[in-house]
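# Chain and residue survey
Next come the chains, spelled out residue by residue.
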Amino acid sequence: MKQAVRALGWATSIFWIMLLLFTVTAVYSAFQIKPSFGKPSTSTSGDTLTFSLPFILFNGGFYDISKFNVTTLISDDRSSIISQNSTFVPTIPRGVNTSITHNMSIDIGQLATTDLSHLLFNDSALNVAAVLKLIYANAFPFEVSTNFTMPWGAPLANLRLGSLSFMGGSVFVPFSFENHSYLAMTGTVRLELVDDTGLVVGEGESEFNAPPDGRFDTDLEVFLSGGAVNPRARLHFST
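Anyway, here's the lowdown on the structure attached to this text. What you are looking at is a predicted structure, and each value in this text was computed from that prediction instead of being measured. (Residues numbered from 1 in each chain as written. Predicted model: local features only at pLDDT ≥ 70, side-chain atom pairs only at ≥ 80, totals over all residues. Heavy atoms only, no water.)

Where strand β4 (residues 65-75) and strand β5 (residues 81-92) come together, 10 bridges link them in antiparallel fashion. Bridge pairing links Asn69 to Phe88 in β5. (Pairing = 2+ DSSP bridges. Helix = DSSP H or I, 4+ residues; strand = E, 2+ residues; numbered from the N terminus.)

Below is the structure:
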């Protein structure tokens, strides 16, 4: 009986020594993880704007990193969610440099059809909540979060319509906007003039092209089909 108790005591001591050794080496190894960051970039595809954050993670420790996950949530100053993106890497082996790029995408078309449409016309600051999670040595979960802001430039900033003017039998309406975004704004704008009953009394159309940080300014020619004292204007954009 005494020998069994003694053996159990030795086994317990060995277990705790191994656990302590594993914990010490894991903590030491964790400090050998070294990130280096590349230059952020911006790209466009159709009406999608993508911010790319490249970095390299060097796992210089004794153990693998598993379930590496970066998640970002972008919202406006009214706490409305604009975009949520995640980057997942199953395993980062020990002693390896791993290149990772986290992309944050914003769909301009989505902004136009939701309660986020104010971002099309007004510069703002977007809120970004970022969470990083990983498991080290298949035993130690790690999580860290941060919040920061990034500037937002409206693609249709300072949108203006002027007063009707008559020139040579035609009717013209001054139209202008500034493109403060990274996207090239190219397409067609259609102007409708409506009376108090909602009846269209005038209509005109023009192509537009405003590069990033550029301005578009033209006089829209409107063809009147009726009369109204104080007509309201409706603008339709196709990009």
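Read on for the rest.
The next point concerns the pairing of strand β11 (residues 170-179). Buried residues dominate β11, accounting for 7 of its 10 residues. In terms of strand pairing, strand β9 (residues 157-161) meets β11 through 3 bridges, oriented antiparallel. Among the inter-strand pairings, Arg160 is bridged to a residue of β11, identified as Ser176. Pairing analysis gives 3 bridges linking strand β10 (residues 165-167) to β11, with the strands arranged antiparallel. Paired with Ser165 across the two strands is Phe172, which belongs to β11. (Buried < 20%, exposed > 50% of the residue type's maximum accessible area, 1.4 Å probe, protein only.)

Turning to the side chain of Ser83, a few remarks are in order. With respect to the helices and strands, the residue Ser83 is situated in strand β5. For Ser83, a relative accessible area of 9% gives the class buried. In this structure the side chain of Ser83 is engaged in a polar contact, spanning 2.5 Å, whose partner is the backbone oxygen of Ser105. Among residues more than four places away in sequence, those in contact with Ser83 are Thr72, Leu73, Ile74 and Ser105. (Polar contact = N/O pair within 3.5 Å; in protein donor to acceptor, adjacent residues only side chain to side chain. Contact = heavy atoms within 4.5 Å.)

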